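Given next are the chains, with one letter for each unit.
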Amino acid sequence: MGNNFEMVAKTLFGFEPILAKELRALGAMDIKEGTRNVRFSGDKGFMYKANLCLRTAIKILKPFKSFKITSEEDLYREVNNIAWEEFMEFTDTLAIDATVHSEKFTHSKYIAQKTKDAIVDRFREKFGQRPDVDLDFPTLRINVHIENEYCNLSLDSSGQSLHKRGYKTATNIAPINEVLAAGLLLLSGWEGQCDFLDPMCGSGTILIEAAMIASNIPPNLNRKEFAFEKWKDWDVDLFEQIEASVLRKVKDFHFTITGYDTAPSAIMKATDNIENANLSEFIKVRQQDFFESEKERERYLHMVFNPPYGERLDIDMPVFYKRIGDTLKQNYPGTEAWFITSNLEAIKHVGLRPSRKIKLFNGALESKFLKYEVYEGTKKLHKIKDLQD
């Protein structure tokens, strides 16, 4: 198609295959997985759709210029030669994000500064006035990526990171990023096919993402704005058409989504966030200690959670993780339980063998995402064993 162009969706380490799968399902072309990114092509409407619908993307970039540089002067000259007046007015604002992987260029802030100087100097020379910098809500957000001697310039179509869905007003002490939560759910195979439990739900992020996946609700429906809404070629009619078409694909969900937490403050925050996401009819939360809970229904249960790491909370980790394993074994037959942890030592105390281990990062922390299958009958075997003992 003549109107197609290349885009880059940025993501977290380990999520590249599921982001590629999401892109395929949306109808992207020319999909290529990289490290923490997936390249693809589509038209303007698809760019709008990708921002609205992708659960595991952090940003959607639109590359528009590549060149080779050997010095900062090269960078300044190349950037200064671009007709920026086609993208923005001198009365507009801009922001530059730079990522640098190079022996020659080592300081990303300096590269961002140099790029900004080249753009504003062009406006000053042409119009006698220059655009200002606005780091939060600029008219144009520009991404500079330098790999060795190659510089790629992209327009950032998303603006604020896409993990900022717009539903979260309240967080607890160690909130999980929304993109990370959605990625964990998709990696675990969650599609809304059974009951769901997050037994340590905190401010409710995993529950909200689980409900949106189950009902096929676009994750960024509640966002205040995307960066492309300030572009010169912004097409509000096309955007509304795309939004209407994705909303027609929302589906019913016929199971339960439940969250437990021991802290009343967490339950209050989760309740607020669930209401903000308009998902109160799908999700129930209550104050409950997981270690004193039992599976509520005979039918199959899918569980995904983010237990405390001990990074910010004072917990005896070996005992805590042993109790997770004991509770699953004794009280949750017929359950597929997944959790993420960066406390790689504590995993040994769970007392169950994980059937899968996936390496991920939670922020800067190297983590493992673990799958435990608790079969029907485990509980009966325990009771027989207890009687024998």
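Cut-offs and rules
- Residues numbered from 1 in each chain as written.
- Predicted model: local features only at pLDDT ≥ 70, side-chain atom pairs only at ≥ 80, totals over all residues.
- Heavy atoms only, no water.
- Helix = DSSP H or I, 4+ residues; strand = E, 2+ residues; numbered from the N terminus.
- Buried < 20%, exposed > 50% of the residue type's maximum accessible area, 1.4 Å probe, protein only.
- Contact = heavy atoms within 4.5 Å.
- Areas by Shrake-Rupley, 256 points an atom, 1.4 Å probe, with all protein chains shown as cover.
- Core = buried A, V, L, I, M, F, W, Y, C linked by side-chain atoms within 4.5 Å.
- Pairing = 2+ DSSP bridges.
- Axes fitted to C-alpha atoms, helices over the stretch in contact; angles between N-to-C directions.
- Right-handed = clockwise from strand over helix to strand, strands pointing away.
- Parallel < 35°, antiparallel > 145°, perpendicular 65-115°, else oblique.
- Left-handed = near helix turned anticlockwise from the far one by under 90°.
- Nonpolar A, V, L, I, M, F, W, Y, C, P; charged D, E, K, R; others polar.
- Salt bridge = Lys/Arg side-chain N within 4 Å of Asp/Glu carboxyl O.
- Phe/Tyr/Trp six-rings, centres within 6.5 Å; stacked < 30°, edge-to-face > 60°.
- Lys NZ or Arg CZ within 6 Å of the ring centre and 35° of its normal.
- Expected span 1.5 Å × (residues − 1).
- Arc of directions from axis to C-beta.

A tally of helices and strands in the protein yields 10 helices and 15 strands. Seen through its C-alpha atoms, the protein measures out along the principal axes to roughly 90 × 45 × 40 Å. Looking at the protein as a whole, 51% of its 389 residues qualify as buried. Sequence separation of at least 24 residues holds for 77% of the intrachain contacts in the protein that already meet a minimum separation of 6. In the form shown here, the protein has an accessible surface area of approximately 18,600 Å², with 48% of it arising from carbon and sulfur atoms.

What follows is about the nonpolar core. Counting 50 residues, the largest nonpolar core has Phe40, Ile60 and Trp84 as the members making the most contacts within it. If you look at the next biggest cluster of nonpolar residues, it comprises 38 residues, including Cys201, Ile283, Val304 and Phe369.

It is worth spelling out the sheet that holds strand β9 (residues 195–198) at this point. In spatial order, the strands read β11-β10-β9-β12-β13-β15-β14; together these seven strands make up an open sheet with mixed pairing. The open sheet has two free edges, formed respectively by β11 (283–287) and β14 (356–362), since each of these has just one partner strand. In this sheet, adjacent strand axes meet at a mean angle of 20 degrees when their direction is disregarded. Inspection of the sheet shows β9 paired to strand β10 (residues 257–261) by three bridges, in the parallel sense. Considered in β10, the bridge of Phe196 is made with Ile257. Where helix α8 (residues 264–276) meets the sheet, its contacts fall on β10 and β11, and the angle it forms with β11 comes to roughly 165 degrees.

Turning our attention to the pairing of β11. The sheet contact formed by β10 and β11 spans five bridges and is parallel. Bridging from a neighbouring strand, Thr258 pairs with Lys284 of β11. Read from β10 through α8 to β11, the crossover connection turns out right-handed.

Among the structural elements, Leu360 can be located in strand β14. We classify Leu360 as buried; its relative accessible area is 1%. Counting along the chain gives 15 residues from Leu360 to Tyr375, while the straight-line C-alpha distance between them is 26 Å. Every residue in contact with Leu360, bar those within four places of it in the chain, is listed here: Phe13, Gly14, Phe15, Leu184, Leu187, Ile340, Leu365, Glu366, Ser367 and Phe369.

Further remarks concern the sheet that holds strand β1 (residues 5–10). The sheet built from eight strands is open, its strands ordered β2-β3-β1-β4-β8-β7-β5-β6 with mixed pairing. Edge positions in the sheet fall to β2 (29–33) and β6 (132–133), since each of these pairs with one other strand and no more. Sheet analysis places strand β7 (residues 140–147) next to strand β8 (residues 150–156), joined by six bridges and oriented antiparallel. Bridging across to β8, Ile142 finds its partner in Leu155. The strands touched by helix α2 (residues 44–53) are β1, β3 (37–42) and β4 (59–68); relative to β1, the strand with the most contacts, the crossing angle is about 10 degrees. The sheet contacts of helix α4 (residues 108–127) involve β5 (93–101), β6 and β7, and relative to β5 the element is tilted by about 140 degrees.

Once that is clear, we can look at the packing of helix α3 (residues 72–80) against α4. Two elements in contact, α3 and α4, have axes separated by 8 Å at closest approach and are oriented at 40 degrees. Judged on the interaxial angle alone, α4 and α3 are oblique. As for how α3 packs across α4, the hand of that crossing is right-handed. Between α3, through Glu72, Leu75, Tyr76, Val79 and Asn80, and α4, the contact on the second element is made entirely by Tyr110, Ile111, Lys114, Thr115, Asp117, Ala118, Ile119, Asp121, Arg122 and Glu125. Class assignment for the residues of the contact of α3 with α4 results in seven nonpolar, two polar and six charged.

Bringing the pattern of salt bridges into the picture now. Under the definition given, this model contains 22 salt bridges. Across the pair Arg122 and Glu85 runs a salt bridge whose closest N-O atoms are separated by 2.9 Å. You can see Arg122 sitting in helix α4 and its partner Glu85 sitting in the loop between α3 and β5, a full 37 residues away along the chain. Judged by its relative accessible area of 22%, Glu85 falls in the partly exposed class. Among the salt bridges present, the one from Arg299 reaches Asp195, with a minimum N-O distance of 2.7 Å.

Because the α-helix completes a turn every 3.6 residues, residues three or four places apart line up on one side. Taking burial as the measure, the 11 residues of helix α6 (residues 205–215) include 11 buried ones, the bulk of the element. Taken together, the buried positions of α6 are Thr205, Ile206, Leu207, Ile208, Glu209, Ala210, Ala211, Met212, Ile213, Ala214 and Ser215. Its buried side turned inward, α6 meets α5 (178–187), β9, β10, α8, β11 and β12 (301–305).

Scanning the model with the defined rule gives 27 aromatic pairs in all. Cluster of aromatic residues (ring-pair linked, three or more members): Phe290, Phe291, Phe305, Phe320, Tyr321, Tyr332, Phe339 and Tyr372. A cation over a ring is seen here: Arg36 above Phe361, with NZ or CZ 5.9 Å from the ring centre. Note that Lys62 overlies the ring of Phe5, its terminal NZ or CZ placed 4.3 Å from the centroid.

So, on to the environment of Ile358. The topology assignment puts Ile358 in strand β14. Once the C-alpha coordinates of Ile358 and Met88 are considered, the two residues, 270 residues apart in sequence, prove to be 44 Å apart. Excluding residues within four positions of it along the chain, Ile358 makes contact with Leu187, Trp338, Ser367, Lys368 and Phe369.

Right, let's talk about helix α7 (residues 236–247) for a bit. Between its first and last C-alpha atoms α7 spans 16 Å; for 12 residues at 1.5 Å apiece the expected length is 16 Å, and the two agree. Within α7, burial applies to Phe239, Ile242 and Val246. Buried residues in α7, looked at end-on, bunch into an arc of 65 degrees, giving them a common side. In α7, the exposed positions angled more than 90 degrees off the buried face are occupied by Asp237 and Gln241.

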